[in-house]
Amino acid sequence: MFLKNALCLRLTILIIPIYSVFLFSCQNDHDDDLGIQPLEEDYDDFPGEEGKDIIWVSNVDELMQTVQSTKEGNKLVIIKDGTFVLKDRLWLTGDNLIFRSESGDREKVVLKGNGMDGNIGFIFSIAGNNFALKDVSVGEVRNHGIQIHGEFNADNMHVQNVRFFNIREQMIKGTRDRNNTYENHTDSCIVENCLFEYTEGYAFQYYCGGIDVHHGVDWQIRNCTFRNIRTANNLLTEGAIHFWSNSENTLCENNTIYNCDRGIMYGLDNSTHKGGIIRNNMIHVTQDVGIYLCYATGAKVYNNSIFNDSAYPNSIEYRFPETKDCEIINNLTNKPITQRNNGQAEVDNNVVNALDSWFVNPAIGDLHLKVLPTEVIDKALDLADVPKDFDGDERAKGTSDIGADEK
Ligand SMILES: [Ca+2]
Ligand SMILES: [Ca+2]
Ligand SMILES: [Ca+2]
């Protein structure tokens, strides 16, 4: 945390008027109640605030005015505590925008629509580059909390410490160029320390998910929690995290997923994903697989812990011949890792017969080890791509453990 604190100090010197505000926000980047991990030192890449014009927002009309007042870009929008019921989406076209709460407390600044059947489809529609959002809650809309528009080539979005709740479809959506030129797409977005949840225990329908991205390149999803993304009627939701339609090099690490129909999905039928790493995630699913590779080439699935709490027989699947050159190594699961329809992967050194008694609390996705199974402890293959565990604990060469938690 030293670098983070140093960064805060440096920026607070530069931005004297908001000294106390920014210092406070730096101390509230995670939520201990949810077991979300502190940000690691190398996660200190949230955009700097220096040099930006500041716009203060204390009511919904001022918030709606930011659609106009941020068009030229390079603005810092600071939102006072309160609940803001939007009158329309925030359609943002400027580059280099930061929206954040003044207090740093995401529970105290709520940006919302008027419910799943209301006339507000979105909170943020992002068409510019370098949009950043932190320390707020976003919810109760018909379509998406954030839609980032790949068709306008919007890149480098950074979302940190945001709570997404009760959104009818996917909470973050990345869209693609529908003309299929493949030139315009979202690149290098980061979503970290966020919570994606349905507060009544179930989603509103099957067509929903946490993060759903078409043709995203070099996205990173880390330290987030996803819960209750499931239907009450046995229809399948999307994955808590789903990248497809020519997406490439997605990194998913240190996420907690629980009480969700399914976990992390790369690709789908006839829709490809290339490269990418899925590592150190803790996943509890209630209807389908924890990790699904489908038309996915070259994905690395390392050191995840998965507890499938349903009648479904598999924990990880790799499917169809278009899934190839994948590696599935050092994962700890309670159900088999299964090839379907001639998928190809190197499947090595996994433990697939974990008992629920091995874990601290599978029902809330706490798949830290409670006991020290001999087949798990110090039995992982050393992998250069997995230097740490879910907690940021170092994995020493030769004594690393299978699954997401190093003891
Ligand atoms: Ca792009
Ligand atoms: Ca060890
Ligand atoms: Ca650990």
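Now for a look at the structure at hand. (Residues numbered from 1 in each chain as written. Chains lettered and ligands numbered in written order. Predicted model: local features only at pLDDT ≥ 70, side-chain atom pairs only at ≥ 80, totals over all residues.)

Moving on, we get to the sheet that holds strand β17 (residues 209-214). Pairing within the open sheet is parallel, and its ten strands lie in the order β4-β7-β10-β13-β17-β21-β25-β29-β33-β36. The strands lining the two open edges of the sheet, one partner per strand, are β4 (90-92) and β36 (337-340). Sheet twist, expressed as the mean angle between neighbouring strand axes with direction ignored, is 10 degrees. Looking at chain direction, strand β21 (residues 241-244) and strand β25 (residues 264-266) are connected through three bridges and run parallel. The residue of β25 that forms the bridge with isoleucine 241 is isoleucine 264. (Pairing = 2+ DSSP bridges. Helix = DSSP H or I, 4+ residues; strand = E, 2+ residues; numbered from the N terminus. Axes fitted to C-alpha atoms, helices over the stretch in contact; angles between N-to-C directions.)

Moving on to the sheet that holds strand β37 (residues 345-348). Strand pairing in a sheet relies on backbone hydrogen bonds, with the paired strands running either antiparallel or parallel. The twelve strands are arranged β1-β2-β5-β8-β11-β15-β19-β23-β27-β31-β34-β37 in an open sheet whose pairing can be described as parallel. Only two strands of the sheet have a single partner each, and these edge strands are β1 (53-57) and β37. On average, each strand axis in the sheet is inclined to that of its neighbour by 5 degrees, with strand direction left out of account. Direction of pairing for strand β8 (residues 131-134) relative to strand β11 (residues 158-160): parallel, over a ladder of three bridges. Within β11, the position partnered with alanine 132 by the bridge is histidine 158. Across the sheet, helix α3 (residues 60-69) touches β1 and β2 (75-79), and the angle it forms with β1 is around 155 degrees. (Contact = placed C-beta atoms within 7 Å.)

Ranked by size, the top nonpolar core spans 98 residues in total, and within it Phe196, Ile291 and Leu293 carry the most contacts. Each residue touching phenylalanine 196, except ones within four places of it in the same chain, is listed here: Phe164, Met171, Gly210, Cys224, Phe226, Ile229 and Ala240. (Core = buried A, V, L, I, M, F, W, Y, C linked by C-beta atoms within 7 Å. Buried ≥ 20, exposed ≤ 12 C-beta atoms within 10 Å, placed from the backbone.)

Among the structural elements, aspartate 212 can be located in strand β17. The spatial distance from the C-alpha of aspartate 212 to the C-alpha of lysine 173 is 5.0 Å, given a sequence separation of 39 residues. Each residue touching aspartate 212, except ones within four places of it in the same chain, is listed here: Gln170, Lys173, Glu238 and His242.

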